[in-house]
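# Geometric and topological summary
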Amino acid sequence: IHTADVKGRYQVRKKLIWTVLIGIYLVMPWIEIGGYPAILADIEHRHFFLFGQTFDAKDFWLAFFVLSGIGFTLFVVSALFGRIWCGYGCPHTVFLEGVYRRVERWLEGNATQRKRLEDSPWLGKKILVRGAKWGIYLAISLVLSHTMLGYFMPIREVISATMQSPSQHSTAFTFILVFTAIIYFNFTWFREQLCIVICPYGRLQGVLYDDHTTNVGYDTERGEPRGKYTSDSRGDCIDCYRCVAVCPTGIDIRNGTQLECIGCANCIDACDEVMTKLGQPTGLVRYDSQRGFEGGERKFVRPRLFFYAGLLLVGITVFS
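Below you will find a few notes about this structure. None of the values given here were measured: they were computed from a predicted structure.

On to the state of the cysteines. Following the criterion strictly, the structure yields zero disulfides and no others. In this model C261 remains outside any disulfide bridge; the closest cysteine sulfur is found in C267, 6.2 Å from its own. Owing to a relative accessible area of 18%, C261 belongs among the buried residues under this scheme. C247 provides the cysteine sulfur closest to C264, a residue in no disulfide bond, and the two sulfurs are 6.0 Å apart.

Right, dumping it as structure tokens:
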């Protein structure tokens, strides 16, 4: 999928969040607290360091509360704001949209130019551009994989190991080979298929949503019947397909809530831009609940939210 470029307030917010998250990921292995890495799961020696606290193998049962706490936190966030995690905080989205697709746009141009290059024969320009892109992708993948290894092996030892024979660090070298291959394959080709085909979170959303959950949606009451700009009988939607062109998973948000939607707000910024040019109010596509799109009032506090938050509170209490 070659997504079209889009600008808007949500794009500015996402880029800021992605920059912070990428910075944390790259810098954290270098930070030490009390002489030990801030975060390190030293599996070989069965020691785990977390912000100045030291754990060993007998403390592994505590991981249950960490993982379940993350799960219930996502439940609460999803019940309130849908797949906002997927659009703003998921590592797949952060690196794909914040790094790899930026490189692609820089080398291959906008969506139309990228499609034209895709369909062109394998001659000089295409070989040069694609070769440069794939080379940069490989370099980025190597940086990301070595940084990931820094969470399981002190980062300074990782740097030292890269200067030595792979046979001296066979496990670490194998990790780098496998992880680099996975990252490279995913961000070079698999991309949105990870969200659609593999990730279970999108399917899990179906049992977490209700009529009061905030999602990206299309106001059918205002937009329909859609039609060309010159039509006198149309709603506010001019059927320009701009919302589809900017979608990273290639869906049409006007068809309603779909598991492929990652809540990235690209379609909101795209539609707002069109509405502004037409002199019409923005918000035809927006963050809102099903009840809100139907003209009702959204309830922030509701039973399922208490249930999820209660389970999270119990876990935090026992863990503490």
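Moving on from the model shown.
Counting residues in hydrophobic clusters, the biggest one holds 19 residues, and the most contacted among them are V216, I253, C267, I268, L284 and V285. Per-element tally for this core: the top contributor is helix α13 (residues 266-278), with five residues. With near-sequence residues (within four places) excluded, C267 lies in contact with V216, C243, V246, I253 and V285.

Moving on to the side chain of S145. Inspection of the secondary structure puts S145 in helix α6 (residues 124-149). Engagement of the side chain of S145 in a polar contact is seen with the side chain of T180, the distance being 2.7 Å. Residues within four places of S145 in sequence aside, it is in contact with F175, I176, F179, T180 and I183.

The next subject is the pairing of strand β6 (residues 215-218). Side chains of β6 alternate between two faces, with N215 and G217 and V216 and Y218 buried alike. Sheet analysis places β6 next to strand β7 (residues 285-288), joined by four bridges and oriented antiparallel. Residue pairing for β7: V216 is matched across the bridge by Y287.

Further remarks concern the packing of aromatic side chains. Enumeration according to the criterion identifies 18 aromatic pairs in this entry. On the basis of an interplanar angle of 10 degrees and a centroid distance of 4.7 Å, the ring pair of Y36 and F49 is categorised as stacked. Of this pair, Y36 sits in strand β2 (residues 36-37) while F49 sits in strand β4 (residues 47-50), and the two are 13 residues apart along the sequence. By relative accessible area, which is 45% here, Y36 ends up partly exposed. Residue F49 is classed as buried on the basis of its relative accessible area of 10%. With a centroid separation of 4.5 Å and an interplanar angle of 15 degrees, the aromatic rings of Y100 and F187 are classed as stacked. Residue Y100 is found in helix α4 (residues 91-108), and its partner F187 is found in helix α8 (residues 170-190); the two are separated by 87 residues along the sequence. In this structure Y100 comes out as buried when scored by relative accessible area, which is 0%. Given the relative accessible area of 6%, F187 is considered buried.

Rules used in this analysis
Residues numbered from 1 in each chain as written. Predicted model: local features only at pLDDT ≥ 70, side-chain atom pairs only at ≥ 80, totals over all residues. Heavy atoms only, no water. Disulfide = S-S within 2.5 Å. Buried < 20%, exposed > 50% of the residue type's maximum accessible area, 1.4 Å probe, protein only. Core = buried A, V, L, I, M, F, W, Y, C linked by side-chain atoms within 4.5 Å. Helix = DSSP H or I, 4+ residues; strand = E, 2+ residues; numbered from the N terminus. Contact = heavy atoms within 4.5 Å. Polar contact = N/O pair within 3.5 Å; in protein donor to acceptor, adjacent residues only side chain to side chain. Pairing = 2+ DSSP bridges. Phe/Tyr/Trp six-rings, centres within 6.5 Å; stacked < 30°, edge-to-face > 60°.

Note that every value here comes from positions in space, so none of it alone points to a role or purpose.
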